[in-house]
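Now for the letters of each chain:
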Amino acid sequence: MAVLHHACAVPLARAAARSRSLSAVAAPAMMAGVSVPSKARESRVLIGMSEPELQQLALEFGQEKYRGKQLYHLLYQRKVKDIGDFSHLPQVFRNNLQEAGWRVGRSPIYHTVKAADGTVKLLIKLEDNRLIETVGIPVEDENGSVRLTACVSSQVGCPLKCSFCATGKGGFSRNLLSHEIVEQVLAIEEIFKHRVTNVVFMGMGEPMLNMKSVLEAHRCLNKDINIGQRMITISTVGVPNTIRRLASHKLQSTLAVSLHAPNQKLRESIVPSAKSYPLDALMKDCQDYFHQTSRRVSFEYALLAGVNDAEEHAIELAKLLREWARGSHVNLIPFNPIDGSDYRRPYKKAVLAFANALESHKVTVSVRKTRGLDAAAACGQLRNEFQKNPLVVDESEEMEFQPQAAVSC
Ligand code: SAH
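Per an unreviewed UniProt entry, the recorded name for the protein is Radical SAM core domain-containing protein, and the organism is Trapa incisa. The protein has a UniProt comment under Cofactor (unreviewed entry) that states "[4Fe-4S] cluster". Looking at the protein in UniProt, the text filed under Subcellular location (unreviewed entry) is "Cytoplasm".

(A) Structural detail: the overall build of the protein. A tally of helices and strands in the protein yields 11 helices and 16 strands. The buried share of the protein, taken over its 409 residues, is 51%. Contacts in the protein between residues at least 24 apart in sequence constitute 72% of all its contacts with a sequence separation of at least 6.

(B) Unusual backbone geometry, seen in detail. A positive phi angle, close to 50°, is found at Lys 193, a residue other than glycine. Classification of Lys 193 as exposed rests on a count of 6 C-beta atoms within 10 Å. Its identity as a non-glycine residue notwithstanding, His 260 has a phi of 70°, on the positive side. Mapped onto the fold, His 260 is located in the loop between strand 12 (254-258) and helix 8 (264-270).

(C) Spatial organisation of the pairing of strand 12. Of all 5 residues making up strand 12, 5 are buried, and the element is well covered by its neighbours. Pairing between strand 11 (residues 232-236) and strand 12: 4 bridges, direction parallel. Within strand 12, the residue paired with Thr 233 across the bridge is Thr 254. The β-α-β motif built from strand 11, the intervening helix 7 (residues 242-247) and the parallel element strand 12 has right-handed crossover chirality.

(D) Expanded view of the packing of helix 5 (residues 178-192) against helix 6 (residues 211-223). Interhelical geometry of helix 5 versus helix 6 gives an angle of 40° and a closest axis separation of 8 Å. In terms of orientation, helix 5 lies oblique with respect to helix 6. Note on packing geometry: the crossing formed by helix 5 with helix 6 is right-handed. Contact with helix 5, carried on its side by Ser 178, Ile 181, Val 182 and Val 185, involves Ser 213, Val 214, Glu 216, Ala 217, Cys 220 and Leu 221 of helix 6 and no other residues of that element. Of the residues belonging to the contact of helix 5 with helix 6, the class tally is 7 nonpolar, 2 polar and 1 charged.

(E) Here's a closer look at helix 3 (residues 91-99). Among the residues making up helix 3, those that are buried are Phe 93, Asn 96 and Leu 97. In a view along the axis of helix 3, the buried residues occupy a sector of 100°, so they form one face of it. Of the exposed residues in helix 3, the ones pointing more than 90 degrees away from its buried face are Gln 91 and Glu 99. Just beyond helix 3, the residue with positive phi is Gly 101, at close to 95°.

(F) Looking closely at the pairing of strand 6 (residues 131-140). Within strand 6, 7 of the 10 residues are buried, leaving the element largely enclosed by the surrounding structure. Here strand 5 (residues 120-125) runs beside strand 6; their pairing, made up of 6 bridges, is antiparallel. Looking at the pairing, Val 120 lines up with Gly 136 of strand 6. Hairpin geometry of strand 5 and strand 6 is characterised by an intervening segment of 5 residues between the two adjacent antiparallel strands and by a positive phi of about 70° at Asn 129. The pairing of strand 6 with strand 7 (residues 146-151) spans 6 bridges and is antiparallel. Residue pairing across strands places Val 135 opposite Cys 151, the latter belonging to strand 7. The hairpin turn running from strand 6 into strand 7, its antiparallel successor, is 5 residues long, and Gly 144 in that turn takes a positive phi close to 85°.

(G) Seen up close, helix 1 (residues 51-60). Among the residues of helix 1, those classed as buried are Glu 53, Leu 54, Gln 55, Leu 57, Ala 58 and Glu 60. Immediately downstream of helix 1, the backbone of Gly 62 shows phi near 75°, a positive value.

(H) Summary view of the environment of Ile 227. Examined against the element boundaries, Ile 227 turns out to sit in the loop between helix 6 and strand 11. The spacing of Ile 227 and Val 199 is 28 residues in sequence and 8.0 Å in space, taken between C-alpha atoms. If we ignore the near neighbours within four places in the chain, the residues touching Ile 227 are Val 196, Val 199, Leu 221, Asn 222 and Ile 232.

(I) Region of the structure containing the sheet that holds strand 12. Strand order across the open sheet formed by 10 strands is 4-5-6-7-10-11-12-13-14-15, with mixed pairing between neighbours. At either end of the open sheet lies a strand with only one pairing partner, and these are strand 4 (109-114) and strand 15 (364-367). Within the sheet, the average angular offset between the axes of one strand and its neighbour, ignoring direction, is 20°.

Criteria and cut-off values
- Residues numbered from 1 in each chain as written.
- Predicted model: local features only at pLDDT ≥ 70, side-chain atom pairs only at ≥ 80, totals over all residues.
- UniProt positions renumbered as here; feature names shortened; annotations may be inferred.
- Helix = DSSP H or I, 4+ residues; strand = E, 2+ residues; numbered from the N terminus.
- Buried ≥ 20, exposed ≤ 12 C-beta atoms within 10 Å, placed from the backbone.
- Contact = placed C-beta atoms within 7 Å.
- Pairing = 2+ DSSP bridges.
- Right-handed = clockwise from strand over helix to strand, strands pointing away.
- Axes fitted to C-alpha atoms, helices over the stretch in contact; angles between N-to-C directions.
- Parallel < 35°, antiparallel > 145°, perpendicular 65-115°, else oblique.
- Left-handed = near helix turned anticlockwise from the far one by under 90°.
- Nonpolar A, V, L, I, M, F, W, Y, C, P; charged D, E, K, R; others polar.
- Arc of directions from axis to C-beta.

If you want it as structure tokens, here you go:
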């Protein structure tokens, strides 16, 4: 059976408000006597727009301002996917929007895989036929209330090729646009008929290589879909100069850094991109991030049997954190097996010994429970294995979806 193997990460705080200049009309088109906003943005997609922007859009189409509020409601609460179905809006407004090239920006679900534990992996087919994976992870607490985490992708594939991650093995196609990130959360809400309470940028891709769209999506998730900044986590393996940039946005969200090794030599052998971003420089940036935002960075550590899971590694990790990031939390992720990898998942005993060694050195630690293993939806397993080019749907072939990867958060 398929496994949803998924990596879910960090919170973003207030994203830089995207300034969509609706008034910057290059060549106004005239429709039904109304001046229509022209190519003021690269794409005329409604998802991702704020309430004031939608009000402005309504005005520019000769409508009353309150029509923008209605649009806002239709997009984010009613989750209507097609402008033609905006039945609350005048037909002429709907027609004008469509004729001017506007669209909602929701994509079809290409495939859904449900794991026995309730985790659901969605394959979303983008406009250019590329596929991305999104995972919904429901958790019921002791009071019976449900926390629903959406593990979202930020890129189609990933260029960073961490040695144990299935996504990197599938190659890289492109960055996601902000609405393509937001729509993943809306799709999860729709499937579960429940609001998403937490978002982790731990799906396909490296969020810090697509910071602009990630920040725009963060703004929308926080302000328009009402997900608290502290409920959002952004996970990065580390990209030079980006942690500082992120810090300048002073988000209240969590930054999670994927460390996976306590020293440069071992890290380089697991994470190839570490060669151009030495561990000391990464840790210094994490320290500065804390000083600038007052938000502690948390650290992810994938445990690979016989590679980085010895107690000496834990002790060395504790020392590293004491030096650079005292008080930080470590999230251990026992390796989720992927095809074509010689890495092994450590035994439970080794995981506990590692966790205990960290705790005895005053590092708080949690072990990530693997979710969705029977739906290929666990961390690092987000990869579409069922096509010649794993990231694009070939419309000429009727393919059977046989997820081999797992997604877990
Ligand atoms: N690029 C980002 C987000 C990607 S995945 C990052 O590296 O942080 C989120 C987490 O899942 C990362 O910590 C990643 O290292 C981890 N992960 C990837 N593949 C995994 C696997 N097969 N087993 C366990 N964890 C994995």
